[in-house]
Amino acid sequence: MSPVDPTLIDAVWLTSRWWDLRTLSQTASLDLKDPISSMELAHGGGTLSVTAGNKVHFLDILRQHPPVTVPLPHTPTSASLHPFLRDRFVAGSANDPWVRVYDLDTGVEKEVYKGHHGPVLCASYSPDGEVYASGSEDGEWWSRGELTVGLTLQERFGCGRPTRASRTVSGRRRSRC
């Protein structure tokens, strides 16, 4: 989508809908068969990651390609496509406190990180793809990857209040927000 693209995509219960903002009319819809729990536009645009039931759907926002659907063995709360490689995605889980990285083509779990003490409510790659961060109902956030020591949440991810990470261990940062 370009900055002047008049398309809006929303989700209502089981359905993702495309709207033309010039005419205020619905132009397309896709029934995902399960309640939609999250949507994220991939950095750089073009692909929408949608979690519904125990599946992650990757939708071409211009509807030029069919959706890619990856079934998971757990119920994902959110999913984020790697912004450059686009061959993997990170997902949080409502059933356990783990964050997982999956291969987009095969759905095979490539990495798993354990550190939260409650369901992982969100997981997302940074715009440069160097790290991903996750947040849980336990009030902690974790990031995984190569990090510049001393950056605040606001400086690194453009969100949250300015606060320093409380601990750095093996490339992971943990902070209470």
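Bear in mind that the values here come from a model prediction, so they are computed numbers and not experimental data.

Each value, and the rule that gives it
- Residues numbered from 1 in each chain as written.
- Predicted model: local features only at pLDDT ≥ 70, side-chain atom pairs only at ≥ 80, totals over all residues.
- Heavy atoms only, no water.
- Helix = DSSP H or I, 4+ residues; strand = E, 2+ residues; numbered from the N terminus.
- Buried < 20%, exposed > 50% of the residue type's maximum accessible area, 1.4 Å probe, protein only.
- Contact = heavy atoms within 4.5 Å.
- Areas by Shrake-Rupley, 256 points an atom, 1.4 Å probe, with all protein chains shown as cover.
- Phe/Tyr/Trp six-rings, centres within 6.5 Å; stacked < 30°, edge-to-face > 60°.
- Lys NZ or Arg CZ within 6 Å of the ring centre and 35° of its normal.
- Polar contact = N/O pair within 3.5 Å; in protein donor to acceptor, adjacent residues only side chain to side chain.
- Pairing = 2+ DSSP bridges.
- Axes fitted to C-alpha atoms, helices over the stretch in contact; angles between N-to-C directions.
- Core = buried A, V, L, I, M, F, W, Y, C linked by side-chain atoms within 4.5 Å.

**As for the overall build of the protein chain**
Phase 1 of the analysis: Check the secondary structure of the protein chain and you find 1 helix and 16 strands.
Phase 2 of the analysis: Burial analysis of the protein chain (177 residues in total) assigns 42% to the buried set.
Phase 3 of the analysis: When contacts within the protein chain are restricted to residue pairs at least 6 apart in sequence, long-range pairs at least 24 apart make up 34% of them.
Phase 4 of the analysis: In the form shown here, the protein chain has an accessible surface area of approximately 9,300 Å², with 55% of it arising from carbon and sulfur atoms.

**Things to note about the packing of aromatic side chains**
Phase 1 of the analysis: Applying the stated criterion across every chain yields a total of 4 aromatic pairs.
Phase 2 of the analysis: For the ring pair Phe-89 and Tyr-102, a centre distance of 5.4 Å and an interplane angle of 25° mean the geometry is stacked. Residue Phe-89 is located in strand β9 (residues 88-93), and its partner Tyr-102 is located in strand β10 (residues 98-103); the two are separated by 13 residues in the primary sequence. Comparing Phe-89 with Tyr-102, the two get one shared label, buried.
Phase 3 of the analysis: An aromatic cluster of at least three residues, connected via ring pairs, comprises Phe-58, Phe-89 and Tyr-102.
Phase 4 of the analysis: When the ring centre of Trp-98 is taken as origin, the NZ or CZ atom of Lys-114, which lies over that ring, is 4.2 Å away.

**What about the side chain of Ser-78?**
Phase 1 of the analysis: Within the secondary structure layout, Ser-78 lies in strand β8 (residues 76-81).
Phase 2 of the analysis: At a separation of 2.9 Å, a polar atom in the side chain of Ser-78 contacts the main-chain amide nitrogen of Ala-123.

**Considering unusual backbone geometry**
Phase 1 of the analysis: With a phi angle near 55°, Trp-13 is a residue other than glycine that sits in the positive phi range.
Phase 2 of the analysis: Position of Trp-13 among the secondary structure elements: in the loop between β1 (7-12) and β2 (15-20).
Phase 3 of the analysis: Accessibility expressed as a relative area gives 61% for Trp-13, which makes it exposed.
Phase 4 of the analysis: For Arg-86, which is not glycine, the phi dihedral falls at a positive 50°.
Phase 5 of the analysis: Its location among the elements puts Arg-86 in the loop between β8 and β9.
Phase 6 of the analysis: Given the relative accessible area of 27%, Arg-86 is considered partly exposed.

**Considerations on the sheet that holds strand β7 (residues 68-71)**
Phase 1 of the analysis: Strand order across the open sheet formed by 4 strands is β4-β5-β6-β7, with antiparallel pairing between neighbours. Where the open sheet ends on each side, the last strands, each with one partner, are β4 (36-41) and β7. In this sheet, adjacent strand axes meet at a mean angle of 15° when their direction is disregarded.
Phase 2 of the analysis: Pairing between strand β5 (residues 47-52) and strand β6 (residues 55-60): 6 bridges, direction antiparallel. In the strand pairing of β6, Ala-52 is matched with Lys-55.

**Some details on the environment of Glu-109**
Phase 1 of the analysis: Along the polypeptide, Glu-109 turns up in strand β11 (residues 109-114).
Phase 2 of the analysis: Aside from chain neighbours lying at most four places away, what touches Glu-109 is Arg-100, Val-101 and Tyr-102.

**What about the nonpolar core?**
Phase 1 of the analysis: If you look at the biggest cluster of nonpolar residues, it comprises 11 residues: Ala-42, Val-56, Phe-58, Val-70, Leu-72, Ala-79, Leu-81, Phe-89, Ala-91, Tyr-102 and Leu-104.
Phase 2 of the analysis: Those residues in contact with Tyr-102, other than ones at most four positions away along the chain, are Leu-72, Pro-73, His-74, Asp-87, Arg-88, Phe-89, Ala-91, Gly-107, Val-108, Glu-109 and Lys-110.
Phase 3 of the analysis: Among the nonpolar cores identified, the runner-up in size contains 10 residues, and Trp-18, Ile-36, Ala-52 and Leu-59 belong to it.

**Looking at the pairing of β10**
Phase 1 of the analysis: Judged by how many residues are buried, β10 sits mostly within the fold: 5 of 6 residues are covered.
Phase 2 of the analysis: As paired strands, β9 and β10 are joined by 4 bridges and run antiparallel to one another. Paired with Val-90 across the bridge in β10 is Val-101.
Phase 3 of the analysis: Between β9 and β10, which pair antiparallel one after the other, the connecting turn spans 4 residues.
Phase 4 of the analysis: Across 5 bridges, β10 lies against β11 in antiparallel orientation. Note that in β11 the partner of Trp-98 across the bridge is Lys-114.

In short, the description is geometric, and any link to function would need to be established separately.
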